[in-house]
Amino acid sequence: MEGRVASYIVVGHDTPLHLIFYHRMNVVEKATAASRLSLLKHIPPEYNHVMIKSATIILCFCLLFAGCKTSQKSSDSHYDRVSREIEQMKAESEKAASIGDNIKITVNLLATSVADHFAIDSLLQYVDKNVTVTKRPEVYTQSGLQIGVAGENFRARLDITKRQLKSSEETELFLVLADGATGYINIGKEIAVPRFFYFGRWYSGVEYEFRQAGRSLQVTARRLPSGLIDMELTPVFSRFLSDGGNLELTELSTRVAARPGQTLVIGGGDTTEENVATALLGYSKMGEKKQTLITVTPEVQ
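As the structure is a prediction and not an experimental result, all values here were calculated from the model. (Residues numbered from 1 in each chain as written. Predicted model: local features only at pLDDT ≥ 70, side-chain atom pairs only at ≥ 80, totals over all residues. Heavy atoms only, no water.)

Here's the deal with empty space enclosed by the protein
Throughout the structure, instances matching the rule amount to one cavity of 30 Å³ or more. Forming the boundary of the largest cavity are Leu145, Ile147, Leu217, Leu233, Pro235, Leu252, Thr254, Ile266 and Leu280. Among the secondary structure elements, those contributing two or more residues to the lining of the largest cavity are β4 (145-150) and β10 (229-238). For the lining of the largest cavity, the class distribution of residues is eight nonpolar, one polar and no charged. (1 Å grid on protein atoms, 1.4 Å probe; cavity = no way out; pocket = protein on both sides within 12 Å on 5 of 7 lines; lining within 4 Å. Points joined across faces, edges and corners; volume = space filled by probe spheres on them. Helix = DSSP H or I, 4+ residues; strand = E, 2+ residues; numbered from the N terminus. Nonpolar A, V, L, I, M, F, W, Y, C, P; charged D, E, K, R; others polar.)

Next up, the structure:
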C-alpha cells in the first residue's frame, strides 16, 4: 500500500527529520483511510442496518486501538527528534544573542629608553589612580605599580611626549573577550632585574628562571549593569618556576571600572629599583635598559 502512493517531498540537507517523518506517516495514514473506505463499501447489501453498525463499531475500535499504539510509538520518536532540534536551535540562538556582548580590548605598549624615564613618569600625573581597587593595598604600594584611568589631558600630553622621546618602540595588540572571560596581555620575555620583592619575600634569578620567564598581565573583563566595563588585572610571570610553572601575583590583583572607550594606564618601575613594577615593565635590549608604558582601552563589540 505504502509503495503505491504517489506522493513526494523535496528533501535538502537541512530538512528537519521530524518533517520527513511526519510526511511519511501522513502518506501511510491516507492510504490506510482509503483501505477502510473500500472495506466498508464491500459489505453485502443484504446485511441489515444493525449488523452494519455493529461491524462498523468493532472495526473502528480495532483500528483506533492499533492507531493509538502506533501513534504513541511514533509520537515518542517524533518528540525525541523535535526535542533535539529545539535544543540545537536554542544553543544557536544563544550563541547569536551573545554576539555584541564581546569586549574588545586595544592594548598599546610604548617602550622607551631609561633616558626618557622622567618624561614618561610625568604622564602619570594625568592619570586618576583613585579609581582602582586593589586586593592588598600594602602589597600594591610596595610593588611600584601605578594603575589608573587616563584623564582628559592624558592623550594630548602623550602625543607631545612621543615627539620628544629620544628613542621609542610602539606595539599595538588586540584582545576580544566574551563577557566575564579572561585573556593575557603579553608584555615581553626575560626579567631584567637581578631580583625583586613581592609579598614578604625576595625572588632572585639564581633561584628562578628569570631568563626564560614571560612577562604578562592577566585580564578579566566584565560588563556592569551601569554600562561600565570592570577589568581585573593580575601580573603573571610565566615559565618562572624551575618546573616551567607560572607565578601569578594574585596579591597584586587590581580592579578598575571604565567607560567603553576610556583608557587605562599601567606604568611605574625604575631600573634602579627591585620591585614588581621594574621586573614586569622593564627589560634590556642590546645592552640598553628600557621601560614600558601600557595603555588599555576596552570597547563593547
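Points about the packing of aromatic side chains
The tally for this structure, following the rule as stated, stands at 12 aromatic pairs. Where Phe196 meets Phe210, the ring centres are 5.8 Å apart and the plane angle is 25 degrees; that geometry is what we call stacked. In this pair, Phe196 is assigned in strand β7 (residues 195-198) and Phe210 in the loop between β8 (201-204) and β9 (214-223), connecting sequence segments 14 residues apart. Accessibility assignment for this pair places Phe196 and Phe210 in one class, buried. Measuring from ring centre to ring centre gives 4.8 Å for Tyr208 and Phe240, while their planes differ by 15 degrees; the resulting arrangement is stacked. Taken together, the positions of Tyr208 in the loop between β8 and β9 and Phe240 in the loop between β10 and β11 (247-248) put the pair 32 residues apart, joining distant regions of the chain. One exposure class covers both Tyr208 and Phe240, and it is buried. Members of the aromatic cluster, joined through ring pairs, are Phe196, Tyr198, Phe199, Tyr203, Tyr208, Phe210, Phe237 and Phe240. (Phe/Tyr/Trp six-rings, centres within 6.5 Å; stacked < 30°, edge-to-face > 60°. Buried < 20%, exposed > 50% of the residue type's maximum accessible area, 1.4 Å probe, protein only.)

A few points about the confidence of the model for the protein
Interpreting fine coordinate detail is not advised for predicted regions of low pLDDT. Of all residues in the protein, 69% attain a pLDDT of 70 or more, and the chain-wide mean is 79. Mean pLDDT per element in the protein: helix α1 (residues 17-41) is the minimum at 39, and β10 is the maximum at 98. (pLDDT = per-residue confidence, 0-100.)

Some details on the layout of surface pockets
One number sums up the size of the second largest pocket: a volume of about 200 Å³. In this structure, the second largest pocket is lined by Leu109, Ala111, Glu169, Thr171, Leu173, Asn186, Ile187, Arg215, Tyr283, Ser284, Lys285 and Thr292. Going through the elements one at a time, β1 (103-113), β5 (168-177), β6 (182-189) and β14 (282-285) are the ones with two or more residues in the lining of the second largest pocket. Here the lining of the second largest pocket is composed, by residue class, of five nonpolar, four polar and three charged.

Description of the pairing of β4
With five of its six residues buried, β4 lies for the most part within the structure. The sheet contact formed by strand β2 (residues 127-128) and β4 spans two bridges and is antiparallel. Bridging from a neighbouring strand, Val127 pairs with Ala150 of β4. As paired strands, β4 and strand β13 (residues 264-268) are joined by five bridges and run antiparallel to one another. (Pairing = 2+ DSSP bridges.)

Observations concerning the nonpolar core
In this structure, Ile105, Ile191, Phe196, Phe237, Phe240, Ile294 and Val296 are the most contacted members of the largest nonpolar core, which totals 43 residues. Looking at which element gives the most residues to this core, the answer is helix α6 (residues 276-281), with five residues. Apart from the residues within four sequence positions on either side, Phe196 is in contact with Ile191, Arg201, Trp202, Tyr203, Phe210, Phe237, Phe240, Leu247, Glu274, Asn275, Val276 and Ala279. Core analysis: the next-biggest nonpolar cluster, separate from the first, contains 11 residues, Leu124, Val127, Phe154 and Val265 among them. (Core = buried A, V, L, I, M, F, W, Y, C linked by side-chain atoms within 4.5 Å. Contact = heavy atoms within 4.5 Å.)

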